[in-house]
Amino acid sequence: MRALAGAAAGPLALLLVAAGCGESANAEPVATTEVAMVKSYRFDPTTIEIEAGQSVTWTNEDNFTHTVQVDGEEDHKVDRGESVSIAFKTSGTYHYVCTLHSKDMEGEVIVR
Ligand SMILES: [Cu+2]
């Protein structure tokens, strides 16, 4: 029974595993300048891609206050329902965190 199921489901199972990887752990960069802080304690999307000179706006849709701190920059507090915009002038990969929940909330801005 196990061998039969394995033979039939083999190729399909591989496809499902590949699709699952793309959506979760290795988050593909999303081309957008808008990031939401969604319930609970998450940046969505986690990794975004923009052009040099664009600004990214983070909007807090969660029920808690969060912050946005790009590595090496000042911290920006974002209360519920509020937002903050940060301009990225130079290309590079910028990691950022919410300093209140740095274990759970982090993301990346890739500037082309
Ligand atoms: Cu937070």
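Up top is the structure these notes are about.
Draft legend 1. Region of interest: the pairing of strand E8 (residues 83-87). Of the two faces of E8, only the one carrying Val84 and Ile86 is buried; Ser83, Ser85 and Ala87 on the other face are not. Pairing geometry for strand E5 (residues 55-60) and E8, over five bridges, is antiparallel. Its bridge partner lying in E8, Thr59 is registered against Ser83.

Draft legend 2. Spatial organisation of the packing of aromatic side chains. Taken as a whole and assessed by the stated rule, the structure comprises five aromatic pairs. A ring pair is formed by Phe88 and Tyr94, whose centres lie 5.1 Å apart and whose planes are at 65°; its orientation type is edge-to-face. In this structure Phe88 comes out as buried when scored by relative accessible area, which is 4%. By way of ring pairs, the aromatic residues Phe43, Trp58, Phe88, Tyr94 and Tyr96 are connected into one cluster.

Draft legend 3. Up close: the side chain of Thr67. Locating Thr67 in the fold gives a position in strand E6 (residues 66-70). Within the local environment of Thr67, its side chain forms a polar contact with the side chain of Asp75, the two groups lying 3.0 Å apart. Side-chain polar atoms of Thr67 contact the backbone nitrogen of Thr99, separated by 2.8 Å. Those residues within four positions of Thr67 in sequence are excluded, and the remaining contacts are Met37, Phe43, Asp75, His76, Lys77, Val78, Val97, Cys98, Thr99 and Leu100.

Cut-off values and rules
Residues numbered from 1 in each chain as written. Predicted model: local features only at pLDDT ≥ 70, side-chain atom pairs only at ≥ 80, totals over all residues. Heavy atoms only, no water. Buried < 20%, exposed > 50% of the residue type's maximum accessible area, 1.4 Å probe, protein only. Helix = DSSP H or I, 4+ residues; strand = E, 2+ residues; numbered from the N terminus. Pairing = 2+ DSSP bridges. Phe/Tyr/Trp six-rings, centres within 6.5 Å; stacked < 30°, edge-to-face > 60°. Polar contact = N/O pair within 3.5 Å; in protein donor to acceptor, adjacent residues only side chain to side chain. Contact = heavy atoms within 4.5 Å.

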